[in-house]
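So the chains spell out like this:
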Amino acid sequence: MDNRTVPETQVQNLIGASRRTPSEGEVYSVSNPATGEQITEFHESTPAAVDEAVTAGSDAFDSWKNTPVEERIQPLFEFKQLLEDHQDDIAETVVREHGKTLDEARGEIRRGIENVEVACGIPSMMQGGHLQNAAPEIDETAVRKPLGVFAAVTPFNFPAMIPLWFLPYSVATGNTFVLKPSEKCPLTAQYLIELAVEAGFPDGVVQLVNGGADTVNALIEHHGISGISFVGSTPVAKHVYESAAKHGKRVQAQGGAKNHVLVAASADLDFAAEQTVSSAFANTGQRCLANPVAVVEDDIYDAFAERVVDEAANMAVENGLEEDTDMGPLISEVHRENVLSYVETGIEEGGKLLLDGRDSDLPSKGCFLGPTVFGEVDPDATIVEEEIFGPVLALIRAEDFDHGLELVNRSDFGNASSLFTERGSDAKRFRHEVDAGNLAVNAGTAAPMAFFHFGGRKASFFGDLHAQGEDMIHFYTDKSIYIERWPDTQ
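The structure contained in this document is the topic of the report that follows.

Cut-offs used in this document
- Residues numbered from 1 in each chain as written.
- Predicted model: local features only at pLDDT ≥ 70, side-chain atom pairs only at ≥ 80, totals over all residues.
- Heavy atoms only, no water.
- Helix = DSSP H or I, 4+ residues; strand = E, 2+ residues; numbered from the N terminus.
- Buried < 20%, exposed > 50% of the residue type's maximum accessible area, 1.4 Å probe, protein only.
- Contact = heavy atoms within 4.5 Å.
- Polar contact = N/O pair within 3.5 Å; in protein donor to acceptor, adjacent residues only side chain to side chain.
- Axes fitted to C-alpha atoms, helices over the stretch in contact; angles between N-to-C directions.
- Parallel < 35°, antiparallel > 145°, perpendicular 65-115°, else oblique.
- Left-handed = near helix turned anticlockwise from the far one by under 90°.
- Nonpolar A, V, L, I, M, F, W, Y, C, P; charged D, E, K, R; others polar.
- Pairing = 2+ DSSP bridges.

What follows deals with the environment of D356. Within the secondary structure, D356 sits in the loop between β14 (352–355) and β15 (372–375). Overall, D356 belongs to the buried group, its relative accessible area being 17%. C-alpha separation for the pair D356 and A313, spaced 43 residues apart in sequence, amounts to 9.3 Å. Residue contacts for D356: discarding those within four places in its chain leaves P371 and T372. Among the polar contacts listed, one links the side chain of D356 to the side chain of R358, at a separation of 2.8 Å.

So this is what it looks like as structure tokens:
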């Protein structure tokens, strides 16, 4: 962007109207996972920096909450246009620090922009209600009010989209906002916040602090923070939920996932295999809506497994900036080693390795692992029960459709599930019986549009109001009830 004041590889905080470069605390390094080359490094934000950001947000809140709602959304319209204008540059930033392909990066930016579009409708979405003559001579009115300073702690796997689950709704409803992005992908978030400032939000309304666990805890414990949104692993989500609630915050904490796809005997096998491979290996398996477990009815198991292996074996694994790349690297070498340990565990526990991603034709540098497919996996195997967050797909044989539904519901997680079938009765039972928050029929990824909330259940979510859509209006506001009596004294 032409008028950005910070070099795009220099990680800075945005506090009030000032850009600050932290110079104390733990040092974090950001590397390109496709090449291993260091892009930049930066220091953890100090508690003093967090306090300064929250104070600036509090100072801005009094004026911002009283800004007419039609004026509050004007910067959002400008922000949307800036995101559109700069989406290619943002996408390249995502690819460099995350590793996903350009198409995947553009897709996540598009999904983020959808949330900005929805938030532009806040004047209608934020309305309360009114009832004349609720009681004798009494009228009652419900209105929604913003609460103060909100913070969001976002993960590495969607560094552009997930901050946009929260920022637009927070500021449109009249709150101020502090973003703490993943220390693995800070540059994408910085680009977004720079564009938000350019869009015209007043000083202190939108802010950025960088760091790791210490910064997160400083936000959770700060008395000036009204609520916290979190997306990440289940253990950390549970910690954020419990700690934030203890400190009197509103909290929504999206955790991990181990989503299952159920392939019924009636399914179109070619289509189901294509969609399953796309779901399992897009974003290199590093997404909470991936389906890394496929439960397949016995009658079609062998034919389906053959199609899946053929489809996955033809994926091009390369630097995401290269044309025709299907899958990029994992986020880091540490994470790659962790995923490899799960592959070894899958073999030790008796899984049949149908496609070994370690033997793929991989680039000589970078954190790459090819698509890996296990067959005949025990439903109690580690690679079925635990989140791997990598390109590993486990195939389980189900006796019939009933058994398949049972296997899907055994998971401790409840983020999403997909069904492939050509029978309406299968779809109805799946919809009614599967215990997950996002359900899809004949679609590999159960990703809701921005005007619907992003569901999650069991160990996949802690809280009661989800990201996106109407749930965000409830999360970022509270209702006041006005009771009025004007007796006729004449």
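With that settled, the discussion passes to the packing of helix α15 (residues 401–409) against helix α16 (residues 424–433). The packing of two helices is summarised by the inter-axis angle and the distance between the axes. For the pair α15 and α16, interaxial distance at closest approach is 11 Å and the crossing angle is 25°. When the axes of α15 and α16 are compared, the pair comes out roughly parallel. Classified by chirality, the crossing of α16 by α15 is right-handed. Mapping the contact onto sequence places F401, D402, L405 and N409 in α15 and D426, R429, F430 and E433 in α16. Classifying every residue of the contact of α15 with α16 gives three nonpolar, one polar and four charged.

Taken together, three strands build an open sheet; the order of strands is β5-β6-β22 and the sheet is antiparallel. Bordering the open sheet on either side are β5 (129–135) and β22 (477–485), each of which pairs with just one other strand. In this sheet, adjacent strand axes meet at a mean angle of 25° when their direction is disregarded. Two elements, β5 and strand β6 (residues 138–146), share four bridges in a ladder whose sense is antiparallel. Directly across from H130, in β6, lies its bridge partner T141.

Moving on: the packing of helix α4 (residues 87–98) against helix α8 (residues 186–199). Put simply, α4 and α8 touch, their axes get as near as 8 Å, and they point 160° apart. Relative to α8, the element α4 lies roughly antiparallel. For the pair α4 and α8, the sense of crossing is right-handed. Facing D89, I90, T93, V94 and E97 of α4, the residues of α8 in contact are P186, L187, T188, Y191, L192 and L195.

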